[in-house]
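# Observations on the three-dimensional arrangement
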Amino acid sequence: MQAEEQRAGGKHPAGAAGPAEGAPRFSVVLPVYNERDNLQPLLTELAEVMTAIGAPFEVLVVDDGSTDGGPAEVERLRARWPWLRLIRHRFNAGQSAAFLTGFARARGEIVITLDADGQNDPHDLPAMLARLEAGVAAVCGVRQRRRDPWIRRVSSRIANAFRNLVTGDRVADAGCALRVMRRAALQEVLPFNGLHRFLPTVLRYQGYEVVEMPVNHRPRTRGQSKYGIRNRLWRGLVDCLAMRWYRARAIRADRVQPEHEAKQECTPAHGGPRTG
């Protein structure tokens, strides 16, 4: 597992600093809305996987206005797991807002995201971290053999095909929340409701390299899905048009040259200032 950690160290995006002293290496951002029964099983899996990786980590549960007692469950679990953090929204703001809240408060150099419904498999993380090589800003999962109702699978295929056509990007599974990203690459992501479906494309528009890889997908065994055709398909199709506009206006976030490289270029080759 240490090899995965070393490869994930890689090269920082231009201008980015390393992790602060004493900060965890990894930050897992978990957006939660009425998933109380899934919390302990999923966090138990995360604890096993992240502990085996062998580097300090934290898990940020971003509660998006749950009404099922989820925050109290997290507080109970915090007594068992000191790496667990709870961040609460005052009201339900949506999954994109929950991710942005987590990104802003993550302390790790590497940010990991996944859904709280238990369908993403934490055991895919070591392989994903191994793909986060030098120069790669994000590794995004592509769900294999999806365990969703047929209407969700069909709507996702339509939405993915349309978004790729309109945005000029190619993302195999924009709806998969299982991602491993460098925190430095998230500093200038465009905040809007729906960002979580377009994050790989936004990062590419900003000049970063994003790779995809197959990941496991599991059936939901507890709770109910929060998405349907209206809030998954139609709004996503409209958002594609906004992405087409943003593609032409995006500012590259990898534009800053690291200070040590700039200093080397400004230093004369033979040392000392040249004289006439």
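Here, every reference points to the structure presented above.
I will try to describe carefully the structure that is included in this document. No experiment lies behind these values; they were computed from the predicted model shown.

## Describing the overall build of the chain
- If you tally the helices and strands in the chain, you get nine helices and seven strands.
- The proportion of buried residues among the 276 residues of the chain is 51%.
- Across the chain, every contact between residues at least 6 apart in sequence was considered, and the portion connecting residues at least 24 apart equals 83%.
- Summed over all atoms, the accessible surface of the chain reaches about 13900 Å², with 52% contributed by carbon and sulfur.

## What about empty space enclosed by the protein?
- A complete count under the given rule lists one cavity of 30 Å³ or more for this structure.
- Computed from the structure, the largest cavity encloses a volume of approximately 40 Å³.
- Together, Phe99, Phe103, Thr113, Arg179, Leu195, His196 and Leu199 line the largest cavity.
- Contributions of two or more residues to the lining of the largest cavity are made by α4 (95-105) and α7 (195-205).
- Ranked by the residues each element gives to the lining of the largest cavity, the list is headed by α7, at three residues.
- Residue composition of the lining of the largest cavity, grouped by class: four nonpolar, two polar and one charged.

## Comments concerning the environment of Ala93
- Along the polypeptide, Ala93 turns up in the loop between β3 (84-88) and α4.
- Judged by relative accessible area, Ala93 falls into the partly exposed class, the value being 29%.
- Sequence separation between Ala93 and Tyr33 is 60 residues, and the spatial gap between their C-alpha atoms is 10.0 Å.

## Here's the deal with the nonpolar core
- By size, the foremost hydrophobic cluster in this structure holds 38 residues, and its most contacted members are Phe26, Leu43, Leu84 and Leu125.
- No other element matches the eight residues that helix α2 (residues 36-53) contributes to this core.
- With near-sequence residues (within four places) excluded, Leu43 lies in contact with Leu30, Val59, Leu77, Trp81, Trp83 and Leu84.
- Within the second largest apolar cluster, 28 residues are counted, among which are Ala137, Cys140, Met181 and Leu186.

## Brief notes about the pattern of salt bridges
- Under the definition given, this model contains 16 salt bridges.
- Residue Glu109 is joined to Arg25 by a salt bridge in which the shortest nitrogen-to-oxygen separation is 2.5 Å. In this pair, Glu109 is assigned in the loop between α4 and β4 (110-113) and Arg25 in the loop between α1 (2-9) and β1 (26-32), connecting sequence segments 84 residues apart.
- Judged by its relative accessible area of 10%, Glu109 is buried.

## Structural notes on the environment of Arg218
- If you trace the backbone, Arg218 turns up in the loop between β7 (209-215) and α8 (229-249).
- Expressed as a C-alpha distance, the spacing of Arg218 and Arg145, which sit 73 residues apart in the sequence, is 8.7 Å.

## Here's the deal with the packing of α2 against helix α3 (residues 70-78)
- Put simply, α2 and α3 touch, their axes get as near as 8 Å, and they point 25° apart. As the angle between them shows, α2 and α3 are arranged roughly parallel. For the crossing formed where α2 meets α3, the hand is right-handed. Every residue of α3 that contacts α2 at Arg36, Leu39, Gln40 and Leu43 is listed here: Gly70, Glu73, Val74, Arg76 and Leu77.
- Among the residues making up the contact of α2 with α3, the classes are represented as four nonpolar, two polar and three charged.

## Focus: the pairing of β3
- Where strand β2 (residues 57-63) and β3 come together, five bridges link them in parallel fashion. Of the residues in β3, the one forming a bridge with Val62 is Ile87.
- The β-α-β motif built from β2, the intervening α3 and the parallel element β3 has right-handed crossover chirality.

## Observations concerning the packing of α4 against α7
- For the pair α4 and α7, interaxial distance at closest approach is 9 Å and the crossing angle is 55°. One element, α4, and the other, α7, form an angle in the oblique class. Here α4 contributes Gln95, Ser96, Phe99, Leu100 and Phe103 to the contact with α7, which in turn contributes Leu195, His196 and Leu199.

## Thoughts on the packing of aromatic side chains
- The full count for this structure, using the stated rule, is five aromatic pairs.
- Ring geometry for Phe192 and Phe198: centres 6.4 Å apart, planes at 45°, overall tilted.
- By relative accessible area, which is 2% here, Phe198 ends up buried.
- Through successive ring pairs, a cluster of aromatic residues spans Phe57, Trp81 and Trp83.
- The ring of Phe26 carries the charged tip of Arg25 above its face, separated from the ring centre by 5.6 Å.

Thresholds applied
- Residues numbered from 1 in each chain as written.
- Predicted model: local features only at pLDDT ≥ 70, side-chain atom pairs only at ≥ 80, totals over all residues.
- Heavy atoms only, no water.
- Helix = DSSP H or I, 4+ residues; strand = E, 2+ residues; numbered from the N terminus.
- Buried < 20%, exposed > 50% of the residue type's maximum accessible area, 1.4 Å probe, protein only.
- Contact = heavy atoms within 4.5 Å.
- Areas by Shrake-Rupley, 256 points an atom, 1.4 Å probe, with all protein chains shown as cover.
- 1 Å grid on protein atoms, 1.4 Å probe; cavity = no way out; pocket = protein on both sides within 12 Å on 5 of 7 lines; lining within 4 Å.
- Points joined across faces, edges and corners; volume = space filled by probe spheres on them.
- Nonpolar A, V, L, I, M, F, W, Y, C, P; charged D, E, K, R; others polar.
- Core = buried A, V, L, I, M, F, W, Y, C linked by side-chain atoms within 4.5 Å.
- Salt bridge = Lys/Arg side-chain N within 4 Å of Asp/Glu carboxyl O.
- Axes fitted to C-alpha atoms, helices over the stretch in contact; angles between N-to-C directions.
- Parallel < 35°, antiparallel > 145°, perpendicular 65-115°, else oblique.
- Left-handed = near helix turned anticlockwise from the far one by under 90°.
- Pairing = 2+ DSSP bridges.
- Right-handed = clockwise from strand over helix to strand, strands pointing away.
- Phe/Tyr/Trp six-rings, centres within 6.5 Å; stacked < 30°, edge-to-face > 60°.
- Lys NZ or Arg CZ within 6 Å of the ring centre and 35° of its normal.

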